[in-house]
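So you can see what is in the structure, the chains are spelled out below.
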Amino acid sequence: MKKLLILFLLSALFCFPQDGKKKISGLINDGKLPISNVSISVEKQSKTVFSNESGKYTIQASIGDVLKYSYQGMKTVRIKVEDVTRILNVTMVPDIEELEEVIVVGSNRKSQSELALEYSQNPNLIKTAYGILNADTAPGNIRFMHEDEINQVSLCILDLLRNQFSGVRVQGSCLGAFGPGAGNQTQVTNIAGGSSNTVGVVGLSSSNAGTGVNSSLNQGKVFIRGGNSISNPRSAIFDVDGQIFNDPPIWIDVKNIRRLAILNNFATTTQYGSAGAGGVVVINTITASPKSNKIYDQARLRNNFVSSAVYSQSELKNNWPTYLKEINESASLDEAKTVYERYAKQYSGSPYFALDMQTYFQNKWNNTDLAEDIINSKSYIFDKNPVLLKGLAYQLESQGKYDKANEIYKKVLKLRPNYAQSYLDIANSYRDLRNSKQAAAIYTRYNYLLEEGLLSSDSITLEPIMNREYNNFLLLEKAALIKNGNSSELYVAEEDFKGTRIVFDWSDSEAEFELQFVNPSKQYTTFKHSQADNSALIDREKDFGFSTAEFFLDDSLPGTWSMNINYLGNKSLTPTYLKATVYYNYGSYSQRKEVKVFKLSLKNINQSLFNISIGSKLVAR
């Protein structure tokens, strides 16, 4: 009975407000000029309106509806209506079938060191005795078999290769191969000294070297180029982690093979000399090429160097509103109060003026009472708007006012109980307050809602973040959670990353921006969060209720990283608040964090956010 009551109450919370439809209006443009006759409709409904000659439109919709913007020659835009949706200014882009990004440089040949960095992430690379081959640039075709394609019930390499590649013929069997004389003691290599008819023996004592011992009769043969030449039916040789063998390495455990490639043309086998006339089977084992979950610095894998201007936060002050410029020139608290009172009436209806003033008086003069009074006087504006409340909570967190931020996050959870972000924010807020029990209760409630089907989780982006947050919580707080028991009995999954973790959160789900990560060599990679470049991600964020992204740094490239942003707007003429939480020594008991908050209002310029001076490389998750 109690469970049914809880479900009833939660179901009531998750129902959207039954206050009918609301008016949504905006302006549609192509980035420069307004577009008329754009079709705006509510998906799964028949009503359609069109933008006028000025690009303006108005439509009625309910929370949860999806608005569809269509115009011939332009990409269709879909936007989910939220509780705060009132104005949607939409920029449409041409519907052009784009090829994957291609960067033209003097040469598309990468160095061996670059290929080594890329190996774990690029399935088209294979390590040979003569260096790493790139199938994308190598002459001729290279055929691959990867770890996840390997049939692990195969007894040996002969079984594995049989019937897997067209034109590859296998003689002999694994059962026969394991007979007398088989084994790595009789493996031979064609790269030993001597004439072309002489082979050196790998793994034999010196007294047997050069005797030409060959157990091919027992070990079988692999033919890549066919066996129609009676006079010279050359079989393939094997390159295993840089060592070359005449006969199939039947001693290899197929479960230990990470990557296998077939080289069967002169251009790719010429470096093996006459020994490779029958083709080469290249094998990279897991033992020699251990798996790594890390993603190598994507900036270093491209030729991206920062060349355009990046504006510092101090340079952006020139674009501040007049009231901010004047109040920051105040020489005393009394002078600052005078400036505030002069503008307070003029901006009485602006929540952004209140947020600016709260930040100024708290950070500049440490006047907590005045900062709180300013916000409290505008509570009627903030209390029903989760976007404004999140911006305020971000500011309070950055000021170390965790108790006040916690109260704000409670309000957001009440307004948005169907948003996963609400649970993530309040759980982290309780962690800031050292209230492990309450944080655990929030995580438990969230998991309960998932199990009951009242919430759903995005397995692509959100679920890994939630799982990582929860596991990190258990790792660092298990002693507080189990005070009267043995905390060692609480299972905690091993953290898959230790280093510096950066989490970005933004207050408005409609915010579009490009985050630029610049490494110490001034090369960069970009995370694009816009409808034009990443509409599928934005749709998932809306569907599952989250507005966060995480990135990781480690010590492979020592120096200073720069974090920049190009703000593209939020479909209304209002600022967006961006929170950057930097976790140092993440996943260790010395973990600490720093919160930075930025008010984004100036669009289409690349501006600096902050720098991190550590040994690092970027790992996107």
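Computed from a prediction, not measured in an experiment: that's the story for all the values here. (Residues numbered from 1 in each chain as written. Predicted model: local features only at pLDDT ≥ 70, side-chain atom pairs only at ≥ 80, totals over all residues. Heavy atoms only, no water.)

With that settled, consider the sheet that holds strand S4 (residues 56-61). Spatial ordering of the open sheet is given by S4-S1-S7, a layout of three strands whose pairing is mixed. At either end of the open sheet lies a strand with only one pairing partner, and these are S4 and strand S7 (90-91). For strand S1 (residues 22-29) and S7, the ladder comprises two bridges, and the chain directions are parallel. Within S7, the position partnered with Asn29 by the bridge is Thr91. (Pairing = 2+ DSSP bridges. Helix = DSSP H or I, 4+ residues; strand = E, 2+ residues; numbered from the N terminus.)

Let us now look at the confidence of the model for the protein. Averaged over every residue, the pLDDT of the protein is 82; residues scoring 70 or more account for 79%. Confidence drops under pLDDT 50 across residues 101-107; counting only partners more than four residues distant or on other chains, this segment forms five contacts. A low-confidence stretch, residues 177-218 stays under pLDDT 50, and its non-local contacts, those more than four residues away or across chains, total 67 contacts. (pLDDT = per-residue confidence, 0-100. Contact = heavy atoms within 4.5 Å.)

Here the focus is the pattern of salt bridges. Overall, the coordinates contain 23 salt bridges when judged by the stated rule. Residue Asp253 is joined to Lys255 by a salt bridge in which the shortest nitrogen-to-oxygen separation is 3.4 Å. You can call Asp253 partly exposed: its relative accessible area is 40%. A salt bridge links Glu326 to Arg342, with the shortest nitrogen-to-oxygen separation between them at 2.5 Å. Of this pair, Glu326 sits in helix H7 (residues 322-328) while Arg342 is found in helix H8 (residues 333-344), placing the two residues 16 residues apart along the sequence. For Glu326, a relative accessible area of 27% translates into the label partly exposed. Here the residues in one salt-bridge network are Glu82, Asp83, Arg416, Glu510, Glu512, Lys542 and Lys571, joined through shared partners. (Salt bridge = Lys/Arg side-chain N within 4 Å of Asp/Glu carboxyl O. Buried < 20%, exposed > 50% of the residue type's maximum accessible area, 1.4 Å probe, protein only.)

What follows deals with helix H9 (residues 351-365). For H9, which comprises 15 residues, the first-to-last C-alpha distance of 21 Å matches the rise-based estimate of 21 Å (1.5 Å per residue) to within 8%. By the criterion of burial, H9 is predominantly enclosed, with eleven of the 15 residues buried. Taken together, the buried positions of H9 are Pro351, Tyr352, Phe353, Ala354, Leu355, Asp356, Met357, Gln358, Tyr360, Phe361 and Gln362. Asn366 sits one or two positions beyond H9 and adopts a positive phi of about 55 degrees. (Expected span 1.5 Å × (residues − 1).)

Our next topic: the pairing of strand S2 (residues 39-42). Here S2 shows no split at all, with Ser39 and Ser41 on one side and Ile40 and Val42 on the other all buried. Pairing of S2 with strand S3 (residues 48-50), which is carried by three bridges, proceeds in the antiparallel orientation. Counted as the bridge partner of Ile40 is Val49 from S3. Counting the residues that bridge the hairpin from S2 to S3 gives five residues, and of these Lys44 lies at a positive phi of roughly 70 degrees. One ladder, built from four bridges, connects S2 with strand S5 (residues 66-70); its direction is antiparallel. Of the residues in S5, the one forming a bridge with Ser41 is Lys68.

Turning our attention to the packing of H8 against H9. Interhelical geometry of H8 versus H9 gives an angle of 175 degrees and a closest axis separation of 12 Å. Classed by the angle they form, the pair H8 and H9 counts as roughly antiparallel. Residue-level contacts link Leu333, Ala336, Lys337, Tyr340, Tyr343 and Ala344 of H8 to Phe353, Met357, Tyr360, Phe361 and Trp365 of H9. Broken down by class, the residue content of the contact of H8 with H9 amounts to ten nonpolar, no polar and one charged. (Axes fitted to C-alpha atoms, helices over the stretch in contact; angles between N-to-C directions. Parallel < 35°, antiparallel > 145°, perpendicular 65-115°, else oblique. Nonpolar A, V, L, I, M, F, W, Y, C, P; charged D, E, K, R; others polar.)

On to the packing of aromatic side chains. Here the structure, examined in full by the defined rule, presents 25 aromatic pairs. Summarising the aromatic geometry, the rings of Trp506 and Phe513 are spaced 5.0 Å apart at their centres and angled 75 degrees between planes, so their arrangement reads as edge-to-face. Judged by relative accessible area, which is 0%, Trp506 ranks as buried. Between Phe517 and Phe551 the ring centres are 4.5 Å apart and the planes differ by 45 degrees, which places this aromatic pair in the tilted class. Taken together, the residues Phe517 in strand S20 (residues 512-518) and Phe551 in strand S22 (residues 548-553) connect sequence positions 34 residues apart. Residue classification places Phe517 among the buried positions, given a relative accessible area of 2%. One aromatic cluster is present, formed by Tyr323, Tyr340, Tyr343, Tyr347, Phe353, Tyr360 and Phe361 through successive ring pairs. Sitting over the face of the ring of Tyr119, Lys127 holds its NZ or CZ atom 4.3 Å from the ring centroid. Lying across the ring of Tyr119, Arg259 places its NZ or CZ 4.2 Å from the centre. (Phe/Tyr/Trp six-rings, centres within 6.5 Å; stacked < 30°, edge-to-face > 60°. Lys NZ or Arg CZ within 6 Å of the ring centre and 35° of its normal.)

This next bit is on the environment of Glu326. A C-alpha to C-alpha distance of 9.3 Å links Glu326 and Tyr340, two positions 14 residues apart in sequence. Those residues in contact with Glu326 that lie beyond four places of it in its chain are Val339, Arg342 and Tyr343.

Here we come to the packing of helix H15 (residues 436-451) against helix H16 (residues 462-481). With their axes 10 Å apart at the nearest point, H15 and H16 run at an angle of 145 degrees to one another. Once H15 is placed against H16, the crossing between them reads as left-handed. On the side of H15, the interface is formed by Ser436, Lys437, Ala439, Ala440, Tyr443 and Tyr446, while H16 contributes Leu462, Met466, Glu469, Tyr470, Phe473, Glu477, Ala480 and Leu481. Here the contact of H15 with H16 is built from residues that sort into ten nonpolar, one polar and three charged. (Left-handed = near helix turned anticlockwise from the far one by under 90°.)

A full pass over the atoms with the stated rule returns one disulfide. Put simply, Cys156 and Cys174 are joined by a disulfide, and their sulfur atoms are 1.9 Å apart. Taking the sign of the S-S torsion, about -90 degrees here, the bridge from Cys156 to Cys174 comes out left-handed. Here the residue Cys156 occupies a position in the loop between strand S10 (142-146) and helix H3 (157-161), and Cys174 occupies one in helix H4 (residues 174-177), the gap between them amounting to 18 residues. (Disulfide = S-S within 2.5 Å.)

Okay, the side chain of Arg259 next. By the secondary structure assignment, Arg259 is in strand S17 (residues 257-263). Buried Arg259, no salt bridge; nearest opposite-charge side chain is Glu147, N-O distance 7.8 Å. A polar contact of 3.0 Å, which involves the side chain of Arg259, links it to the backbone oxygen of Asn122. Residues contacting Arg259, with those up to four places away along its chain left out, are Tyr119, Ser120, Asn122, Pro123, Leu125, Ile126, Phe144, Met145, His146, Val282, Ile283 and Asn284. (Lys, Arg positive; Asp, Glu negative; His and termini not counted. Polar contact = N/O pair within 3.5 Å; in protein donor to acceptor, adjacent residues only side chain to side chain.)

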